[in-house]
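# Report on the structure
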Amino acid sequence: MRKLVYILGILLLTFDVYAQDLTDALRYSNYKIKGTARAAAMGNAFGALGGDFTSLSINPAGVAVYRSGEFTFTPSLGNTSVDGTYLGKTSNDSKYNVSLDNIGYVATIPTGSNSESGVVSFSLGLGFNRLGSFSMRSLAEGDKSHNSILDYFTNNANNGIYDDYYEDLAVRSNLLFQEADGAPFQNDITNAGFGQSQRKSIERKGYINEYLFSFGANFNHKFYLGATVGVHDVYFKENTNLYEWDAQNNIPYFNDLNFGTYLKTSGTGFNLKIGAIFKPTEELRLGLAFHSPTFYKLSDEYDSSMKSSITYDDGVTENLTKIPDKAGAYDYEIETPMKAVLSAAYLFGKKALVSVDYEIVDYSSSKLKNGSDGYDYYDQNQVIKDAYKAVGNLHLGAEYRVSPSFSLRAGYENYPSAFKSTYLDQNNLNKNASYSTISGGFGVRQGNVFFDAAVKHAWSDEYLNLYPSAPEMAKYNTKQNSVIFTLGYKF
């Protein structure tokens, strides 16, 4: 098994160690569903409402609420902007993303019975919803650092940790050296007392799509049951570059280094959702749903490179580029937490409605499993258990029908931090790293055709290490703006 060093910093880093840890478990567990424009505009609070294709990924009983068939198609355009603050300096980078968030088909089959008891209709749903997008680009830069990635590599090498993708590259590019065979490894930055400038850039792309099949039954328009089988398609790609340079020209020999990493994760997963919606009155709807764990089989492909520039006593500058002999690959599994969704909605006749969903999920129950070399992830799963906690994700939505053909919508979402306040008796800066959204939109319907539009603004803060053992962390403030459109047809 590739080597993994357990320090507090590993909870908070974007530096790729090519060994699976709690970062991977959270990445593929913490869904922020996209789906249709109507659901996006209303904060995805559709657990008790149903009748929207997004609800099939939230509460499957929502498919049974349909009174007719429907087809939906939802593209979106988004921009993610990240402010990275490091060593007192703030840098910005951003990325645009065009995506397809939903394609859905629902068929409703009446039973032909007008009885007040029994099954009124069955419904089938087939399509996909996007559960998450990884598209982003970030930058963090600072001067007069008090540490270096070479300090981390040097400590590792002197303690018997010598990896082809890390320490070996630093040695072969002459950034780590020994005065004699068997002597401790050294580096020029640490020997000079640091003071160099640093810059870390990250670019990510990818998604989690849920391809789903749902089945539901409507019992006298008062009680609805449903189930969804979801198959997840995962794609995640990340390129990082850590650049360190002697801006003040105070470090003998060392000019600069550029350490690049590449990671691509792909795979599939599956889960089962069951749910119910109950209408005790015509105005009030109550929903309850349970999501099984998602069982992922994932594959990592990874690589790295090191560039160095060193000027020796004779004035000759040596520029080197080193890469591992081959790219790495590793297979493993992830089991995400179960989830319970409690929902309620109140309808003010046919004029307006408000809705709320509350998702309960315990991220500490995530598990890494079955490494391709037989590794059991016992230590990593203990870190996950000790570092993460159970949270409640909140979704609020409202809709006002201006006329029979035109509606206005608004919503809010909040995802609290999955991290506990402390870990290893140390304060966790990410204990308040929540993710929130506000949204609004409108819907137009003419005959059997409808058009929905939504605008969504999301924001979050988090602290991350540029590399393990860095004494100061970068703070990333992320803002996302999206425009979502749904074109649909009822039949």
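Structure: above.
Thresholds, definitions, all that
Residues numbered from 1 in each chain as written. Predicted model: local features only at pLDDT ≥ 70, side-chain atom pairs only at ≥ 80, totals over all residues. Heavy atoms only, no water. Helix = DSSP H or I, 4+ residues; strand = E, 2+ residues; numbered from the N terminus. Rg over C-alpha atoms; globule rule 2.2 N^0.38 Å. Buried < 20%, exposed > 50% of the residue type's maximum accessible area, 1.4 Å probe, protein only. Areas by Shrake-Rupley, 256 points an atom, 1.4 Å probe, with all protein chains shown as cover. Lys, Arg positive; Asp, Glu negative; His and termini not counted. Charge placed at Lys NZ, Arg CZ, Asp CG, Glu CD. Polar contact = N/O pair within 3.5 Å; in protein donor to acceptor, adjacent residues only side chain to side chain. Salt bridge = Lys/Arg side-chain N within 4 Å of Asp/Glu carboxyl O. Patch = residues over 30% accessible without salt bridge, like charges linked within 9 Å, V, L, I, M, F, W, Y side chains within 5 Å. Pairing = 2+ DSSP bridges. Contact = heavy atoms within 4.5 Å. Core = buried A, V, L, I, M, F, W, Y, C linked by side-chain atoms within 4.5 Å. Arc of directions from axis to C-beta. Phe/Tyr/Trp six-rings, centres within 6.5 Å; stacked < 30°, edge-to-face > 60°. Lys NZ or Arg CZ within 6 Å of the ring centre and 35° of its normal.

### As for the overall build of the chain
- Helix and strand counts for the chain come out as 6 helices and 23 strands.
- A compact globule built from 491 residues should have a C-alpha radius of gyration of about 23 Å, and the chain, at 26 Å, falls within 12% of that.
- Seen along its three principal axes, the alpha-carbon backbone of the chain occupies a region of about 95 × 45 × 40 Å.
- Looking at the chain as a whole, 53% of its 491 residues are labelled buried.
- On the chain, roughly 20,400 Å² of surface is accessible, and the fraction owed to carbon and sulfur atoms is 56%.
- Put simply, the chain has 43 plus and 52 minus side-chain charges, and the middle of one group is 12 Å from the middle of the other.

### Structural notes on helix H3 (residues 149–158)
- In terms of burial, H3 is a largely internal element, 8 of the 10 residues being buried.
- By the N-cap criterion, in which a side-chain oxygen at the helix start approaches the backbone nitrogen of a residue two or three places on, H3 is capped by Ser148, the distance to Leu150 being 3.0 Å.
- Looking at the residues trailing H3, positive phi occurs at Gly160, about 85°.

### So, the pattern of salt bridges
- In this structure the tally under the stated criterion is 19 salt bridges.
- A salt bridge links Lys89 to Glu141, with the nearest nitrogen and oxygen atoms 3.5 Å apart. Here Glu141 lies in strand E4 (residues 136–142) and Lys89 lies in strand E2 (residues 89–110), a separation of 52 residues in the sequence.
- By relative accessible area, Glu141 is classed as buried at 13%.

### With respect to a positive patch on the surface
- A contiguous patch of positive charge on the surface is contributed by Lys350, Lys351, Arg401 and Arg445.
- Locating Arg445 in the fold gives a position in strand E21 (residues 435–446).
- For Arg445, a relative accessible area of 38% puts it in the partly exposed group.

### Quick word on the pairing of strand E9 (residues 254–278)
- In this structure, strand E8 (residues 223–245) lies alongside E9, joined through 23 bridges in antiparallel fashion. Across the sheet, Trp245 pairs through a bridge with Asp256, a residue of E9.
- Across 16 bridges, the pairing between E9 and strand E11 (residues 295–311) is antiparallel. Across the sheet, Gly260 pairs through a bridge with Ser305, a residue of E11.
- Pairing of E9 with strand E10 (residues 284–291), which is carried by 6 bridges, proceeds in the antiparallel orientation. Opposite Ile277, over in E10, you have Gly287 as the bridge partner.
- Count of turn residues in the E9/E10 antiparallel hairpin: 5 residues.

### Things to note about the side chain of Asn271
- Examined against the element boundaries, Asn271 turns out to sit in strand E9.
- Given a relative accessible area of 5%, Asn271 falls into the buried group.
- A distance of 3.1 Å separates the side chain of Asn271 from the side chain of Lys273, its partner in a polar contact.
- Leaving out residues up to four positions away in the same chain, Asn271 has contacts with Glu210, Thr228, Val229, Gly230, His232, Ser292, Pro293 and Thr294.

### Regarding unusual backbone geometry
- Positive phi, close to 65°, is recorded for Asn174, a residue that is not glycine.
- For Tyr377, which is not glycine, the phi torsion reads 60° and is therefore positive.
- Relative to the helices and strands, Tyr377 is located in the loop between strand E16 (367–369) and helix H6 (378–387).

### Focus: the environment of Asp452
- Mapped onto the secondary structure, Asp452 falls in strand E22 (residues 449–464).
- Side chain to side chain, Asp452 and Arg409 meet in a polar contact 2.9 Å long.

### A few points about the pairing of strand E12 (residues 317–322)
- As defined by bridge partners, E11 adjoins E12 across 6 bridges and the pair is classed as antiparallel. When the bridges of E12 are listed, Met306 appears paired with Lys322.
- A loop of 5 residues connects E11 with E12, the two strands running antiparallel in sequence, and Gly315 in this loop sits at a positive phi of about 85°.

### What about the nonpolar core?
- Counting residues in hydrophobic clusters, the biggest one holds 73 residues, and the most contacted among them are Tyr28, Phe153 and Leu257.
- In this view, Phe153 contacts Tyr166, Glu167, Ala170, Leu176, Phe259 and Met306; residues no more than four positions away in its chain are not counted.
- With 6 residues, the next largest nonpolar core counts Phe53, Val63, Tyr66 and Leu212 among its residues.

### Some words on H6
- Within H6 the residues assigned to the buried category are Gln380, Asn381, Val383, Ile384 and Ala387. For H6, the buried positions fall inside an angular range of 155° around the axis, keeping them on one side. Along H6, the residues that are exposed and aim more than 90 degrees away from the buried face are Tyr378 and Lys385.

### Regarding the environment of Asn174
- Mapped onto the fold, Asn174 is located in the loop between helix H4 (167–172) and strand E5 (177–178).
- With a relative accessible area of 31%, Asn174 lands in the partly exposed category.
- For the pair Asn174 and Ile310, spaced 136 residues apart in the sequence, the C-alpha separation amounts to 8.1 Å.
- In this view, Asn174 contacts Ile310, Tyr312, Glu318 and Leu320; residues no more than four positions away in its chain are not counted.
- A polar atom in the side chain of Asn174 sits 2.8 Å from the side chain of Glu318.

### Points about the packing of aromatic side chains
- Applying the stated criterion across every chain, the model contains 25 aromatic pairs.
- Feature note: the residues Tyr28, Phe134, Phe236 and Tyr296 constitute an aromatic cluster, connected by ring pairs.
- Arg27 extends its terminal NZ or CZ atom over the ring of Phe236, reaching a point 4.0 Å from the ring centre.
- Above the ring of Tyr435, the side-chain terminus of Lys32 is found at 4.8 Å from the ring centroid.

### A closer look at the side chain of Asn79
- Relative to the elements of secondary structure, Asn79 occurs in strand E1 (residues 70–86).
- Only 3.5 Å separates the side chain of Asn79 from the backbone oxygen of Lys95, close enough to count as a polar contact.

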